Amino acid sequence: MGLRHFMIDAWSWLNYKPVMADAGRPGNRAFPELAATWLPPHELRRLAAYKVLAAYDNNQAGQLAAASGDEAALERRELGDAANLVDTALGYLLGSDQQIVVEGAEHADEEAPKPGATEAAAAQERMRKWAEKELLTLRIQQAERNAVLLGDSVYVLAWNQEKQRPTLRVYDPGFFFPQWDEEQDQDFPTRVHLAWELPEDPDAGLKARVRRVTYELGPISEDDESVVRLYPWEPGRPSNVTCFLTDAEWLLEDLKRGETLDRLPMDKAAFRVRPDGTELNRLDLMIDFVPVIHITNTIPDGGEHWGRSAIARVLQGLDELAATDSDSSAASATTGTPIIGLAGARLPVDRATGRPEQLKVEAGAVWQLGDSGRMDALDTSPQLAELRSRVEHLLDRIASNSRVTAAGLGTLDASEVPSGYALKLALGPLDALVGAMRLAREHKYRLLFKMVQRLFQAGRAEGWVAGESFSARLSWAPHTPTDRAAVLEEVVQAYGAGVLSLETAVAMLMDAGYPIKDASQEAALIRAKAEQEAAVRMAEAAARRGEPDDEEEQEDGRDPAARRGGAVEKREREPVSAGR
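These lines cover the structure that appears in this document, whether it is placed above or below.

1. Description of empty space enclosed by the protein
Scanning the entire structure with this criterion turns up 1 cavity of 30 Å³ or more. Taken as a whole, the largest cavity holds about 120 Å³ of empty space. Along the walls of the largest cavity sit 15 residues, with E78, D81, A82, L318 and A322 positioned nearest its centre. Looking at the lining of the largest cavity, the elements with two or more residues in it are α3 (81–94) and α6 (315–336). For the lining of the largest cavity, the element with the most residues is α6, which contributes 5 residues. Here the residues of the lining of the largest cavity are counted per class, giving 7 nonpolar, 2 polar and 6 charged.

2. Points about helix α5 (residues 136–150)
In this model, α5 (15 residues) spans 21 Å end to end at C-alpha, consistent with the 21 Å of a helix rising 1.5 Å per residue. One or two steps after α5, the chain reaches G151, where phi turns positive at roughly 100°.

3. Re the pairing of strand β6 (residues 209–219)
Most of β6 is tucked away, with 8 of its 11 residues classed as buried. Here strand β5 (residues 191–198) runs beside β6; their pairing, made up of 8 bridges, is antiparallel. The partner of V192 across the bridge, within β6, is Y215. Relative to strand β7 (residues 241–251), β6 is paired through 11 bridges, and the arrangement is antiparallel. Opposite R209, over in β7, you have L251 as the bridge partner.

4. Focus: the nonpolar core
Counting 107 residues, the largest nonpolar core has W38, L157, Y215, I311, Y445 and F449 as the members making the most contacts within it. Among the elements that make up this core, the one with the highest residue count is helix α10 (residues 428–458) (12 residues). Those residues in contact with W38 that sit more than four places away from it in its chain are F177, A195, W196, E197, V210, L252, L255, E259, T260, L261 and L264. Formed by 10 residues, the second largest nonpolar core is a distinct cluster that contains V487, V506, L509 and A512.

5. Some words on the layout of surface pockets
The volume enclosed by the largest pocket comes to roughly 1,200 Å³. Looking at the largest pocket, it is lined by 36 residues, and the ones nearest its centre are A158, W159, N160, R274 and L285. If you list the elements that add at least two residues to the lining of the largest pocket, you get β2 (152–160), β3 (165–171), β5, β6, β7, β9 (283–284) and α10. Looking at which element gives the most residues to the lining of the largest pocket, the answer is β2, with 5 residues. Partitioned by chemical class, the residues of the lining of the largest pocket number 23 nonpolar, 5 polar and 8 charged.

6. Details of unusual backbone geometry
You will see that R282, though not glycine, has its phi angle at about 55°, which is positive. Tracing the sequence through the fold places R282 in the loop between β8 (270–271) and β9. You can call R282 partly exposed: its relative accessible area is 33%. Phi at M286 is positive, roughly 65°, even though this residue is not glycine. Note that M286 resides in the loop between β9 and β10 (292–296).

7. Looking at the sheet that holds β2
As summarised here, the arrangement of the 3 strands in space is β3-β2-β10, forming an open sheet in which the pairing is antiparallel. The sheet terminates laterally at β3 and β10, the two strands that pair on one side only. Geometrically, the sheet is characterised by an average inter-axis angle of 25° between neighbouring strands, direction not taken into account. In terms of strand pairing, β2 meets β3 through 7 bridges, oriented antiparallel. When the bridges of β3 are listed, L157 appears paired with L168. Here α10 sits on the sheet and contacts β2, β3 and β10; the angle it forms with β10, its principal contact strand, is near 165°.

8. Notes on the side chain of T324
Within the fold, T324 resides in helix α6. Residues within four places of T324 in sequence aside, it is in contact with L387, R390, V391 and L394.

How each quantity is defined
Residues numbered from 1 in each chain as written. Predicted model: local features only at pLDDT ≥ 70, side-chain atom pairs only at ≥ 80, totals over all residues. Heavy atoms only, no water. 1 Å grid on protein atoms, 1.4 Å probe; cavity = no way out; pocket = protein on both sides within 12 Å on 5 of 7 lines; lining within 4 Å. Points joined across faces, edges and corners; volume = space filled by probe spheres on them. Helix = DSSP H or I, 4+ residues; strand = E, 2+ residues; numbered from the N terminus. Nonpolar A, V, L, I, M, F, W, Y, C, P; charged D, E, K, R; others polar. Expected span 1.5 Å × (residues − 1). Buried < 20%, exposed > 50% of the residue type's maximum accessible area, 1.4 Å probe, protein only. Pairing = 2+ DSSP bridges. Core = buried A, V, L, I, M, F, W, Y, C linked by side-chain atoms within 4.5 Å. Contact = heavy atoms within 4.5 Å. Axes fitted to C-alpha atoms, helices over the stretch in contact; angles between N-to-C directions.

What follows is the structure, given as structure tokens:
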């Protein structure tokens, strides 16, 4: 039986799954929620892919397959291999620490700092305080696990007037529906929906409904496009664009066929209200950007906008591994309690039925055999050994094809690695994987921190003046252990030879895992200590020559240089006088 459709898109790696065929058809037991009339048809495959990946992460892939008609899949043994692969990739991506770094801040403590370095250092300090208050490390963990597992994740920023800072929230990518204008070459959508269903609550008297939060760029005044505004991050450049926020709910029973997410009837909308009483119906946010950041796990292909899961290309390997584990479990049962055949045995008879009783293999059992009787046991241990060997083979194949590598997963036997250089070669694919994943996020985190600064400026927060935003990035810690002793020796030699600046040397030590919180502060401490040691050495040298230090000379009322000059002149004249 041939395929009805041969489709190649961002989700083609899931085409082998029967549940992906007609995912949004009514009556689909695997994805009943995708039959909602408000969902855009072109988004159904993406949402179905998210659910399949979430099922693997929660050891429910067998249950999902059973929902599509494969009842035998309920016996599948899933032992957390998918979740382990995701968590391992996430750990290598994040490293041990993440830090906000503003370009130029490392030069603030130099004797002659570069122009703007002091301001950059102050902005960096304010950004790090914001990150601490907003639990940025926790938010990154939440968002990046979604991205590694599902391929996508979403951050949303908002100005909180009470806290006087931007707030950062993480949303499930299944709630994210960007509206792209295909006629224009856009890097970012000008309209974004965040939408999800709210279940019925009979106790509260609430019916099932759908909530939609919309961010949309548009002219400040629809009636007069000449109305402009000066934003603090672009002084001197008037703009007629602003971002509008709409937050509303619709009853599902009020929606008709064809009224999809972008065509919901506004006359049936119930708009939400802020605590101050403001209705969230095209509320002017006083900013000229959409405060939504879409994170992708991989660099999207040309023409695509979505990332790919870390386990996308090894799902079939995970299926094979689960099937082999199930077979191995069945084989181990017959190995531990073997099937035994008896010939010439006297079997006990059930007095009630008159039939022979079934014998059980258990410790201490005694069976009486006749003169020609025998007992044969079915030995399944060779099959069990073969299955265990196949499990190891599949794990190695999954580790290789996912590029996490056996060394990265920790399944590589240390005795098989002849040297540290060989281990580095073994980790080569993992290094490339982490590099590509971090590259896919580099620009998005720069954009996130730029939006944070602009929200501070728009909210007129203390310390944030008008002007262009500083270039800030997210600095990741090394993803693999570093030979710290070798790095230290290299830094000492290079700095001593004058080929590295002190700031660069300290940054290298930070990358190697040394507990340095701020490179500029550490460089300032090193310089201060060096100056103090130099002053001590000069005082000791002066003491050895018998000269008083500067403080004693000043107390004596004479200039230190004059006293030293007089002493030298006296020593020069003494030999002449002795010669006479």
